[in-house]
Amino acid sequence: MDGINFKGKKVLVVGAHPDDNDFGAGATVAKAARQGAEVIYLIATTGQRGSSDENMTPERLSEIRKKEQEDAAKVLGVREVHFLDYVDGELIPDIRLKEQIVKSIRRHRPDIVFTMDPSFFYYKSFGMVNHSDHRAIGEATLDACYPLARDLMSFPEHTREGLNPHKVKDLLLYSFVPENANFYVDVTETFDMKLKALSLHKTQVGDMQRVEKRMRDRAEVSGRLGRCKYAESFVRLQLPE
Ligand SMILES: [Zn+2]
């Protein structure tokens, strides 16, 4: 069951770091683009702290990761990639970040917004803490969709720039825990494109075989829940008119 026809849709995918969107929803993004959606990425930081290589500098890593993301996005059929250039590890869901996301929503006027699930703090079974930037971008994006982008009185300076309020009707939050999701997208056909995109995040993936196994296992679990071979899982919120 996946129930979305992406043909002719505008899709905005908002992540904290280069690679988040691809890990969380890469195969769905590829499916949407293949069906004729216009997909746009908005990424808050350049992930400049994502290395333990002593010879790497944050400035250089920033440039490398932007390029990795642009190349990966191309593989998936993403139309545009925008970065907000926040510092990795320091993202907070403040009004400045929300305003920038609202601006992007009002400019691109998406039918569907994808982002990270801000309610996901930790995962007991795997002894895992979700990165604070992931929670921050999820929270800021939810707030940007509702109510900020919708309300004429929020950020009135946008109207003067010709950007009018926009109501987002469909929100999909990447779910790291498939069992908590309520929506599964059959990505059997585009799963390999996701793997290819992830392999291009060279500074992040290290051992690609391990990443592939983890991704395949997760997609299979989601697939069982979604009654297909491979699925990506989401919490889907369809906002009322
Ligand atoms: Zn991340």
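It should be emphasised that the depicted structure is a prediction, and the values quoted were computed from it without experimental measurement.

Here we look at the layout of surface pockets
Consideration 1: Counted as a void, the largest pocket has a volume near 480 Å³.
Consideration 2: Looking at the largest pocket, it is lined by 21 residues, and the ones nearest its centre are His17, Asp19, Asp20, Phe23 and His134.
Consideration 3: Taken together, the elements giving at least two residues each to the lining of the largest pocket come down to helix H1 (20-35), helix H7 (202-205) and helix H8 (208-226).
Consideration 4: If one sorts the elements of the lining of the largest pocket by residue count, H8 sits on top with 4 residues.
Consideration 5: Of the pockets and cavities examined, the second largest pocket occupies roughly 300 Å³.
Consideration 6: Lining the second largest pocket we find Tyr123, Phe126, Met128, Phe176, Pro178, Glu179, Arg214, Asp217, Arg218 and Val221.
Consideration 7: The greatest single-element share of the lining of the second largest pocket, amounting to 4 residues, is contributed by H8.

Focus: the coordination of the zinc ion
For a metal with four tetrahedral donors the ideal donor-metal-donor angle is 109.5 degrees, whereas six octahedral donors ideally subtend 90 or 180 degrees.
Consideration 1: The protein atoms that coordinate the zinc ion are His17 (ND1), Asp20 (OD) and His134 (NE2), at distances of 2.1 Å.
Consideration 2: According to the relative accessible area criterion, His17 is buried, its value standing at 6%.

Focus: unusual backbone geometry
Consideration 1: A cis amide bond links Tyr146 with the next residue in sequence, Pro147, at an omega value of 5°.
Consideration 2: Considering the arrangement of structural elements, one finds Pro147 in helix H4 (residues 132-148).
Consideration 3: One non-glycine residue, Arg109, lies in positive phi territory at about 50°.
Consideration 4: Relative to the assigned elements, Arg109 resides in the loop between helix H3 (95-108) and strand S4 (112-116).
Consideration 5: Arg109 gets classed as partly exposed once you look at its relative accessible area, which sits at 34%.
Consideration 6: Backbone geometry at Arg227 places phi at a positive 60°, although glycine is not the residue there.

Rules of the game
- Residues numbered from 1 in each chain as written.
- Predicted model: local features only at pLDDT ≥ 70, side-chain atom pairs only at ≥ 80, totals over all residues.
- Heavy atoms only, no water.
- 1 Å grid on protein atoms, 1.4 Å probe; cavity = no way out; pocket = protein on both sides within 12 Å on 5 of 7 lines; lining within 4 Å.
- Points joined across faces, edges and corners; volume = space filled by probe spheres on them.
- Helix = DSSP H or I, 4+ residues; strand = E, 2+ residues; numbered from the N terminus.
- Donors = N, O, S within 2.8 Å, 3.2 Å for Na, K, Ca; no water.
- Buried < 20%, exposed > 50% of the residue type's maximum accessible area, 1.4 Å probe, protein only.

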